[in-house]
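Here's the letter readout for the chains.
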Amino acid sequence: MNLISMRETSKAFIEDILKTAKKHEKTAREKKVLSTLDDKTLGILFFEPSTRTRLSFQAAMRRLGGESIGFNDAHFSSSAKGETLSDTIRVVEGYVDAIVLRHSVEGAAARAAEVTTLPVINAGDGANQHPTQALLDLYTIQKEKGKLEGLTVVLAGDLKYGRTVHSLMYALSHFGCTIQLHCPPSLKMPESIVEEVRQKTTVEEVTDFTQADVVYATRVQRERFADPEEYQKSLYVIDADVMATLKKDAMLMHPLPRVQEITPDVDLDPRAKYFEQTFYGVPVRMAILETLMEGKNP
Ligand code: NCD
């Protein structure tokens, strides 16, 4: 009943979500309201900043006919008075039917799931996992490329602290994708993830984007750096010159927010798909809410 990590999420569950999301795409695009969850309330508890994840969860719940309550600034919640996460979860359990949690501590969503019987959805736990993002990323790739199987996907940028790419590694491993890693030496993908995913598919390091069907760029996660100079040294840019090295039918993704790693002129390149990607967050999160709140297990 939970969605905590892509590491333990099965291919069957992923395929089920992608199929259900497809069913909801029209409703999401036309901003219609169904009655599927009209007797349900979603708790959205965000202890870290968010625009897309929070708003698309709210929009998704609304499209399914349900309501959302919660907070997006923990300074105005009782955690500012010293309440533990476990206590907050136990309290909110009495008000809602499922909980979406974003927190800076790795393992926070797993901890929350231990203290409640309600479905818990991890909307990002520190640098660890962001499984709902990985599902919408897969949906976007499938939509734009017509398939997932056999693609070459380059994950670029902050592979050390980026939770989106940690989740995406596991997600892509189910579909026989070749995963190429492109990052500065200080921001490498954790070896434990590489080792695990390598048992299922090819993972290799690259220094260019020339073989990519998909380039997945990420923001260097400034908030996870202890040393501001290290952050500055890790910055990279995808501009028109870099785009010129990509295949004609490649696509460029980014979970957003972007800071400086993709120059604004690249937005006009038809291969840039990051704004479409954000829209797909709505049908995919509708599928996740419908599936988990109806009691299926990933
Ligand atoms: C990402 C996150 O929060 O991990 N944002 C998102 O949910 N789309 C990526 C990021 O913050 O860089």
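Residues numbered from 1 in each chain as written. Predicted model: local features only at pLDDT ≥ 70, side-chain atom pairs only at ≥ 80, totals over all residues. Heavy atoms only, no water.

A. View of the site of the ligand. Around the ligand sit R52, T53, R102, H130, Q133, R163, T164, R219, Q221, P255, L256 and P257, and those are all the residues in its vicinity. One of the side-chain nitrogen or oxygen atoms of R219 is found 2.9 Å away from an oxygen atom of the ligand. At a separation of 3.0 Å, a nitrogen atom of the ligand approaches a polar backbone atom of P255. At the level of elements, α2 (52-63) and α6 (163-173) are the ones that each hand at least two residues to the shell around the ligand. Looking at the shell around the ligand residue by residue, the classes come out as three nonpolar, five polar and four charged. In this structure, the shell around the ligand is formed jointly by two domains, domain 1 (6-129 + 280-293) and domain 2 (131-277), each of which donates at least three residues. (Near = heavy atom within 4 Å. Polar contact = N/O pair within 3.5 Å; in protein donor to acceptor, adjacent residues only side chain to side chain. Helix = DSSP H or I, 4+ residues; strand = E, 2+ residues; numbered from the N terminus. Nonpolar A, V, L, I, M, F, W, Y, C, P; charged D, E, K, R; others polar. Domains from an automatic or database assignment.)

B. Structural detail: the sheet that holds strand β3 (residues 98-103). An order of β2-β1-β3-β4 is seen for the four strands of this open sheet, with the pairing classed as parallel. What marks the edges here is a single partner per strand, and that holds for β2 (67-71) and β4 (120-125). Strand-to-strand, the axes of this sheet are offset by a mean angle of 15°, without reference to chain direction. Here strand β1 (residues 41-46) pairs with β3 via five bridges, running parallel. (Pairing = 2+ DSSP bridges. Axes fitted to C-alpha atoms, helices over the stretch in contact; angles between N-to-C directions.)

C. Main features of the side chain of T218. Mapped onto the elements of the fold, T218 is located in the loop between β8 (214-217) and α8 (228-233). Note on T218: relative accessible area 2%, which makes it buried. Among the polar contacts made by the side chain of T218, one reaches the main-chain carbonyl oxygen of A156 at a distance of 2.8 Å. With near-sequence residues (within four places) excluded, T218 lies in contact with A156, G157, D158, T164, V165, Y236, H254, P255 and E261. (Buried < 20%, exposed > 50% of the residue type's maximum accessible area, 1.4 Å probe, protein only. Contact = heavy atoms within 4.5 Å.)

D. Local environment of the domain arrangement of the chain. According to the domain assignment, the chain consists of domain 1 (6-129 + 280-293) and domain 2 (131-277). Put simply, the middle of domain 1 and the middle of domain 2, counted by C-alpha atoms, are 24 Å apart. Across the contact, 32 residues belong to domain 1 and 29 residues belong to domain 2. Buried surface at the junction of domain 1 and domain 2, summed over both partners, amounts to about 2,500 Å²; 60% is from carbon and sulfur atoms. It is M6, L18 and Y280 that lose the most area in domain 1 upon contact with domain 2, and together they represent 29% of the buried surface on that side. Counting across the interface, domain 1 meets domain 2 through four salt bridges. (Buried area = accessible area lost by both parts, 1.4 Å probe. Salt bridge = Lys/Arg side-chain N within 4 Å of Asp/Glu carboxyl O.)

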